[in-house]
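Secondary and tertiary structure notes
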Amino acid sequence: MKEIKYREAISEALREEMSRDERVFVIGEDVGQFGGVFQATASLLESFGASRVVDTPISEQAIVGSALGAALVGLRPVAEIMFVDFTSMAMDQIANQCAKFHFMTGGQAIVPVVIRTQGGVGFGDAAQHSQSLEAWHAHIPGLKVVMPSTPFDAKGLLKASIRDDNPVVFIEHKLLYLNEGPVPEDDDFIIPIGKADVKREGQDVTIIAWSKMVIDSLEAASNLEKEGIDVEVVDLRTLKPVDLEAITKSVKKTGKVVIVHEACKTGGFGGEIATLIMEHAFDYLDAPVKRVTGLDSPIPYAEPLYRAVIPNPDWIMKGVKEII
Amino acid sequence: MITLIEMPALSSTMKRGKVVKWYKREGDLVEKGETLFEVETDKVNVEVESLASGFVRKILLEEGIQVPTNTPIAIISDSMDEDISSVIEARSLVSVSPGEEEPEEMELRTSKTSRVKERMIIKTSPLARRIAEQEDIDIQTIEGTGPGGRITKQDVEMAIAERSHAHQGETEAEAEYEIQPEIEGYEDIELTKIRRVIAQRLQKSKLTAPHFYVDVTADATAITRLKEDFEKRSKKPADKTTFNDIVVKIVSHALKEFPIVNSSFLEDRIRLHGAINIGVAVAVDDGLVVPVVRNADQKSISQISHEVMELARKARNRRLLPDEYRGGTFTITNLGMYSVEGFHAIINPPESGILAVSAIIQKPVVADGKITVRPCVKLSLSVDHRVVDGSVAARFLARIKELVESPSLIFE
């Protein structure tokens, strides 16, 4: 397997699916000429032309609305919202339209729209460009929510999302784009949506994380190993539908759980996971479920400040030690 | 004035108590010194008098619920219209504040109906609780070593390991008891508190104190005559002196001469007790209790007689105070009233000896080369061999026999 960057894994997935199925097209701000602000759609315009790589004005509602319309007449759009923060502008199209059509037409219409976006704290992008809003989308029945942490998962899950007949909110992370990792070259390499992945096996405590926090959790786990604590790291990869079986399996194995997410704590998806554990594996818990999350704060602009409000490997290690 | 009534500590070792009966209801008038409630401790029930006069405004503890000593259980005030809400509030504020360091946390809540329910919180992980249930381990006996003193899986596993280590032999015996499909039909009797205490104490005694036994048969002619003398002199029939009362006096006298028998084995040393406190085993409805005659050697037979009668009455009514059944140094048990010809008793720990007294029976004996009929009594001494050796036990019992046969030697 060759080693490629996360952003290359995204563009490979798009290229392969666009080549395989001519109904697939991308639409969004700066996706064509500029190749995407994170270069995830680089050189697609040259290969597939302006009718399949569509640059739009700055109107998130129009991007998702157009994608929805195209999907309803048989195309398979991949709409890019540059920052997950701006899905707020398209929330009517996402939550009220994309998520509802299949249901409200009694199953006659399908909405195979992928909304590619990215979130999280990056390089001082401040309060309106740094949020982690996955819980908003996971809350809407009818939407699938995917958040890969590695190039491998990003490629396999994006291809699966494009082939899925339901709207998928595919949330990348701005700090992952340059991470490298092995990725299969097989055109039909697919990772099914809704399957978690044990990124590291361990006996003493389970960390459940997604997106960039998987990377931070793995670093915390290596440090904890030196202190004799054997940590299992479960990467959910998909929040909706969530892989309950993988969660309970790991909880039954270790009895102790730390949930790690970058999103702020209140109303975060960690609360949902914790409750699922309570409902399905309470008798296996050997400690209260612990959450290590971002603070309930807007993300500040200044680096020392934004570093102070989101989890890092040290926070995760501390969280683990509190319940071990 | 508002008075807060608390769960009393009826002895220095009492940590928790349960109100088994309230004699007053909310709104009742109570006089200082009047019985307010009845408390159950390890073995007995004690009636507790009110510390104040006034109206019982609120009863904070339901009957049958155990709480630590000094927990507020009732509020009394001079008049019915005094405002007691501040007392209730202050108390519940204090009691619900979490005590992180305490593994056991008592939470008293005042609900809308003003009834207080106790909820005992032992910090335990669900997993630990489940394993403990499966393994039939009492979670209260486990010490939590997890964060904040929580009992975790590891703690329960430790307890299981200790148990299987300690009871490897016993589990086989238990299995034998339990799996006997050929016995059809059974009834399980739940252990009462007193039965549990008896079981624990006597099992511990038999397992830790190596018992041995010495028997003699004493001629009871003189002592029978002595008893008759006392009976003739007593004014009230209720003040009847029993044979056992005289034995209490005789044994306490003999113990003065054999201080080693009036002792306790304390693993690294033997403690000779300064006082001679004779326990007298009394059968009660669902077991037995052993009230104690303190300094029996310094008391007259009629004093002993009176005291034993009073203690036995209290014991049967479960009114013994802890200090009336604790602190014994030697025990006498008597099954004479059931015409028992001989038996051996289990030492009442931490004592070192117990005397089993059987029935006085007319027997042919050889005296002065002739066979004559005499009232005889068998006396069996059980002693802890860690403390008392055979020759000492034999001499001690011989001295008792001598005193039984010639009680006047007490005045030597």
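Residues numbered from 1 in each chain as written. Chains lettered and ligands numbered in written order. Predicted model: local features only at pLDDT ≥ 70, side-chain atom pairs only at ≥ 80, totals over all residues.

A look at the overall build of chain B
Where we set the bar: Only DSSP runs of H or I with at least four residues qualify as helices, and only runs of E with at least two residues qualify as strands; both kinds are numbered from the N terminus onward. Neighbour counting defines burial: a residue surrounded by 20 or more other C-beta atoms within 10 Å of its own C-beta is buried, one with 12 or fewer is exposed, and intermediate counts give partly exposed, using backbone-placed C-beta atoms. C-beta atoms are first placed from the backbone for all residues, and any pair lying within 7 Å is then listed as a contact.
If you tally the helices and strands in chain B, you get 10 helices and 20 strands. Counting the 412 residues in chain B, one finds 30% classified as buried. Across chain B, every contact between residues at least 6 apart in sequence was considered, and the portion connecting residues at least 24 apart equals 60%.

Some words on the overall build of chain A
Within chain A, the secondary structure is distributed over 12 helices and 14 strands. Taking all 324 residues of chain A together, 55% fall into the buried category. Intrachain contacts of chain A at a sequence separation of at least 6 include 79% that bridge at least 24 residues.

Some thoughts on the sheet that holds strand β18 (residues 330-334) of chain B
Residues and elements named next belong to chain B. Inclusion rule: At least two DSSP bridges between two strands are needed for those strands to be called paired. To get an axis, fit a line to the C-alpha atoms, keeping to the stretch in contact for a helix; angles then go from 0 to 180 degrees between the N-to-C directions.
Strands sit in the order β11-β20-β19-β18-β14-β17 across an open sheet of six strands; the sheet is mixed. Here the strands that pair on one side only, and so sit at the sheet edges, are β11 (211-219) and β17 (292-293). Packed on one face of the sheet, helix α10 (residues 390-405) meets β11 and β20 (370-384) and runs near 25° to β11.

Describing the interface of chain B and chain A
Of the residues lining the interface, nine residues belong to chain B; the matching set on chain A comes to nine residues. For the side of chain B that touches chain A, the leading source of residues is helix α2 (residues 126-134) of chain B, giving four residues.

Let's talk about unusual backbone geometry
Residue proline 241 of chain A is bonded to the preceding lysine 240 of chain A through a cis peptide linkage, with omega at 0°. Note that proline 241 of chain A resides in the loop between β12 (238-240) and α9 (244-254). A cis amide bond, omega 5°, links proline 349 of chain B with the succeeding residue proline 350 of chain B. With respect to the element layout, proline 350 of chain B can be found in the loop between β18 and β19 (353-367).

Quick word on the pairing of strand β5 (residues 114-119) of chain A
All names here are of chain A. Most of β5 is tucked away: six of the six residues are buried. Because side chains alternate across β5, one face comprises the buried residues Val114, Arg116 and Gln118, and the other comprises Ile115, Thr117 and Gly119, equally buried. As paired elements, strand β4 (residues 76-81) and β5 share four bridges and run parallel to each other. Residue pairing for β5: glutamate 80 is matched across the bridge by arginine 116.

Concerning the sheet that holds strand β1 (residues 2-6) of chain B
In a beta sheet, neighbouring strands are held together by backbone hydrogen bonds and run either parallel or antiparallel to one another. All names here are of chain B. With antiparallel pairing, four strands are arranged side by side in an open sheet as β1-β8-β6-β3. A strand with exactly one partner marks an edge of an open sheet, and here the two such strands are β1 and β3 (29-30). Direction of pairing for β3 relative to strand β6 (residues 54-59): antiparallel, over a ladder of two bridges. Looking across to β6, one finds that valine 30 is bridged to glycine 54.

Thoughts on the confidence of the model for chain B
Residue and element names in this part refer to chain B. The line we're drawing: Every residue carries a pLDDT, the predictor's confidence in it, which falls somewhere between 0 and 100.
Summarising the model, chain B shows a mean pLDDT of 83, and 86% of its residues fall at 70 or more. Counting contacts from residues 93-119, a segment whose pLDDT is below 50, to residues more than four positions away or on other chains yields 38 contacts. The complex prediction reports pTM at 0.55, with the ipTM value standing at 0.75.

Description of the nonpolar core
The cut-off we apply is this: For this entry, the nonpolar core is defined as buried Ala, Val, Leu, Ile, Met, Phe, Trp, Tyr and Cys residues connected by C-beta atoms within 7 Å.
Ile207, Val258 and Val320 of chain A are the most contacted members of the largest nonpolar core, which has 108 residues in total. The leading source of residues in this core is helix α8 (residues 212-226) of chain A, at seven residues. Those residues in contact with valine 320 of chain A, other than ones at most four positions away along the chain, are Val205, Ala220, Leu224, Ile229, Val231 and Val258 of chain A. With 68 residues, the next largest nonpolar core counts Val30, Leu36, Ala254 and Tyr325 of chain B among its residues.

Looking at α9 of chain A
Residue and element names in this part refer to chain A. Here is the rule we go by: Working definition: the arc comes from the directions between the helix axis and the C-beta atoms, pointing outward to the latter.
Within α9, the full set of buried residues consists of Ile247, Ser250, Val251 and Thr254. Viewed along the axis of α9, the buried residues span an arc of 100°, placing them on a single side of the element. On its buried side, α9 packs onto β9 (197-200), β10 (205-209), β11 (231-235), β13 (257-264) and α10 (269-281). A positive phi of about 75° marks glycine 255, the residue just after α9.

Quick look at the packing of α9 of chain A against α10 of chain A
Residues and elements named next belong to chain A. This is how the line gets drawn: If an angle is under 35 degrees, it is roughly parallel; if it is over 145, roughly antiparallel; if it lies from 65 to 115, roughly perpendicular; otherwise it is oblique. Here is the rule for handedness: rotate from the far helix to the near one, and if that takes an anticlockwise turn smaller than a right angle the crossing is left-handed, while a clockwise turn gives right-handed. All residues other than Ala, Val, Leu, Ile, Met, Phe, Trp, Tyr, Cys, Pro, Asp, Glu, Lys and Arg, Gly among them, are scored as polar; the first ten of these are nonpolar and the last four charged.
Closest axis-to-axis distance for the α9/α10 pair is 10 Å, and the angle between their directions is 70°. Of the possible angle classes, the one that applies to α9 and α10 is roughly perpendicular. For α9 against α10, the interelement crossing comes out right-handed. From α9, Leu244, Ile247, Thr248, Val251 and Lys252 reach across to α10, where they touch Ile273, Leu276, Ile277, His280 and Ala281. Grouping the amino acids of the contact of α9 with α10 by side-chain chemistry returns seven nonpolar, two polar and one charged.

Describing α2 of chain B
Residue and element names in this part refer to chain B. Along α2, the residues classified as buried are Leu127, Ala128, Ile131 and Ala132. Taken down its axis, α2 places every buried residue within 130° of arc, on the same side. Across from the buried face of α2, at angles greater than 90 degrees, the exposed residues are Glu133 and Gln134. Aspartate 136 sits one or two positions beyond α2 and adopts a positive phi of about 60°.

Re the packing of helix α7 (residues 243-257) of chain B against helix α8 (residues 301-316) of chain B
Residue and element names in this part refer to chain B. Interaxial distance between α7 and α8 falls to 9 Å at its minimum, and their mutual angle equals 120°. Taken as axis vectors, α7 and α8 run oblique relative to one another. Considering the relative orientation of α7 and α8, their crossing is right-handed. When α7 is examined against α8, the residues Asp245, Ile246, Val248 and Lys249 are found in contact with a partner set consisting of Ile301, Ile304, Ser305 and Val308. Residue composition of the contact of α7 with α8, by class: five nonpolar, one polar and two charged.

With respect to the environment of alanine 283 of chain B
All names here are of chain B. Within the secondary structure, alanine 283 is located in strand β15 (residues 282-284). Judged by the 15 C-beta atoms lying within 10 Å of it, alanine 283 falls in the partly exposed class. Once the C-alpha coordinates of alanine 283 and threonine 333 are considered, the two residues, 50 residues apart in sequence, prove to be 9.9 Å apart.

Observations concerning the environment of alanine 356 of chain B
With respect to the helices and strands, alanine 356 of chain B occurs in strand β19. Excluding residues within four positions of it along the chain, alanine 356 of chain B makes contact with Thr333, Phe343, His344, Ala345, Ser380 and Ser382 of chain B.

With respect to the environment of asparagine 312 of chain A
Here asparagine 312 of chain A shows up in the loop between α11 (303-309) and α12 (313-323). Along the sequence, asparagine 312 of chain A and methionine 213 of chain A sit 99 residues apart, while their C-alpha atoms lie 7.9 Å from each other.

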